[in-house]
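# Survey of secondary and tertiary structure
So you can see what is in the structure, the chains are spelled out below.
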Amino acid sequence: MTTQTEFRVLRSRAYETHGTLRDDIMDAVAQVIFNPISQGYRTREAFEAQFAQAVGQRYAVGVHSATIGLLVALRACGISPGDEVITVANSDISTTGVIRHLGAVPVLCDVLESDYTLNVDLVEALITPKTRAVLPVDLHGHPADVRRLRDIANRHDLKIIEDAALAQGAHDYDKPVGAYADVTVFSFAPVKPLGSVGNGGMLVTSDEEIHSGLRLYTYYGHAPTKEDIPVGHQNYIDEGYNAPLDPLQAALLSVKLPYIGTWTEKRREVVKWYTEGLSGTAARLPTFRADSAPTFRSYTVLVPNRQHVYEELRAAGVEVVLHYSPAIHHHPVYRDGLRGADDLPITESLADDLLSLPVTPELTETEIDYAITTLRKLID
């Protein structure tokens, strides 16, 4: 069995980039480690402000993971037991799981064959009097068409919680992803576009009321002010979580964030090599709206005899991955069914054939040529 260190074409080589930034990273981390605890709080707050500016939002709240971020975002948008939230099935269990943790009901919508994102044309037919929100996923870093979705949400008084966990660096309609959502969730897990070395996530919004809710639920449910409270006392006004972003991760990420544009362009260059190299083969490649500028956590294509191709590529040293296969409603935890699961023809067909190729920005053209050559031998 091929191990992580034996892969010739790795899905992440962020450790190499960390090496080029070693001095800046060590300085930033040392500020947190060798100063009073308050320095860690300041580091996190400074990174939140830096991130909000980078994505064009008024507010940002760092959280321990994108999963807890989705939960916090839904609560801040008022989602409660019995509410319905329209989302997709070709995603991680975090997407449906957080909805159900709140006692709400996921309603599954099919996706586009072109870029694997929510099919906005199907959303309105799924709206009922119980619908309170839509949760689109920017799958593999491909922006869902949230601007079109915004018009539907406005007509029906719905919130949009955008799952951009894989899409840091992407743009849509010339704006950073998240521009049309009420709140957007990013992930800093190690294999994401702006990866940390542990868990981490960020919630962004320009809505002051939602921002207050994000802070409230991230920090235990503690009141934001201590007016009329005796010195040293606590004042919990709701049941929240202890889920802020770790200051050490914030320190690392603050060094990396200014480079996200450069790394995004390199990811697109890697995808261009793949696109050219796989043209004319049996692989079916994704296509994107002209106004969409994806980033790529991976380059996800459709191939025949997918399981065989997957196993052979990994044996040859190419670290391909099967993401979100099978679709979430087929997992044992949902054996009793999810609303809408019986009408997802595109989701079902994609899950059988999708294969995610490595797109870490440190890859060279020679390495990508090797991956392409190896893949072509299996599908030509």
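A brief report on the enclosed structure follows. Note that this is a predicted model, so its numbers are computed, not measured.

## Remarks on the overall build of the protein chain
Each helix and strand in the protein chain was counted, giving 12 helices and 12 strands. Relative to a compact globule of 380 residues, whose C-alpha radius of gyration would be 21 Å, the protein chain shows 21 Å and is just as compact. Summarising its shape, the C-alpha atoms of the protein chain cover approximately 75 × 55 × 40 Å along the three principal directions. Residues counted as buried form 56% of the 380 residues belonging to the protein chain. When the accessible surface of the protein chain is totalled, it reaches about 16,700 Å², and 50% of it is carbon and sulfur.

## Concerning unusual backbone geometry
For the bond running from Ser325 to Pro326, omega is 5 degrees, close enough to zero to count as cis. Although it is not a glycine, Tyr116 sits at a positive phi angle of roughly 70 degrees. Looking at the element boundaries, Tyr116 is found in the loop between β3 (105-108) and β4 (131-134).

## Quick word on the packing of aromatic side chains
In total, this model carries 10 aromatic pairs according to the counting rule given. Arranged with centres 5.6 Å apart and planes meeting at 75 degrees, the rings of Phe51 and Phe188 form a pair that is edge-to-face. Of the two residues, Phe51 is situated in helix α3 (residues 37-54) and Phe188 in the loop between β8 (183-187) and β9 (201-205); the sequence distance between them amounts to 137 residues. Plain terms: the ring middles of Tyr274 and Tyr299 are 5.7 Å apart, the flat faces sit at 15 degrees to each other, and that makes the pair stacked.

## Observations regarding the environment of Arg44
Here Arg44 is to be found in helix α3. Separated by 82 residues in the primary sequence, Arg44 and Leu126 place their C-alpha atoms 40 Å from one another. The residues touching Arg44, leaving out its near neighbours within four places in the chain, are Tyr219, Pro244, Leu245, Pro247 and Ala250. A polar contact is formed between the side chain of Arg44 and the backbone oxygen of Leu245, at a distance of 2.7 Å.

## Observations concerning the sheet that holds β9
Spatial ordering of the open sheet is given by β1-β9-β8-β5-β4-β2-β3, a layout of 7 strands whose pairing is mixed. Where the open sheet ends on each side, the last strands, each with one partner, are β1 (59-63) and β3. Across this sheet, the average inter-strand angle for adjacent strands is 25 degrees, counted without regard to direction. With 5 bridges joining them, β1 and β9 adopt antiparallel strand pairing. Looking across to β9, one finds that Val61 is bridged to Leu203. Running at roughly 170 degrees to β8, helix α4 (residues 66-76) makes contact with β1, β2 (84-87), β5 (159-163), β8 and β9 of the sheet.

## As for the sheet that holds strand β10 (residues 292-293)
Reading across the sheet, the 3 strands line up as β7-β6-β10 and stay open at both edges, with antiparallel pairing between neighbours. For this open sheet the edge positions go to β7 (175-176) and β10, each flanked by a neighbour on one side alone. Relative to β7, strand β6 (residues 171-172) runs antiparallel, the two being bridged by 2 bridges. In the strand pairing of β7, Asp172 is matched with Lys175.

## What about the pairing of β3?
Alignment of β2 against β3, held across 4 bridges, turns out to be parallel. Bridge pairing in β3 places Glu84 opposite Val105. The handedness of the β2 to β3 crossover, carried by helix α5 (residues 93-101), is right-handed.

Basis of the calculations
- Residues numbered from 1 in each chain as written.
- Predicted model: local features only at pLDDT ≥ 70, side-chain atom pairs only at ≥ 80, totals over all residues.
- Heavy atoms only, no water.
- Helix = DSSP H or I, 4+ residues; strand = E, 2+ residues; numbered from the N terminus.
- Rg over C-alpha atoms; globule rule 2.2 N^0.38 Å.
- Buried < 20%, exposed > 50% of the residue type's maximum accessible area, 1.4 Å probe, protein only.
- Areas by Shrake-Rupley, 256 points an atom, 1.4 Å probe, with all protein chains shown as cover.
- Phe/Tyr/Trp six-rings, centres within 6.5 Å; stacked < 30°, edge-to-face > 60°.
- Contact = heavy atoms within 4.5 Å.
- Polar contact = N/O pair within 3.5 Å; in protein donor to acceptor, adjacent residues only side chain to side chain.
- Pairing = 2+ DSSP bridges.
- Axes fitted to C-alpha atoms, helices over the stretch in contact; angles between N-to-C directions.
- Right-handed = clockwise from strand over helix to strand, strands pointing away.

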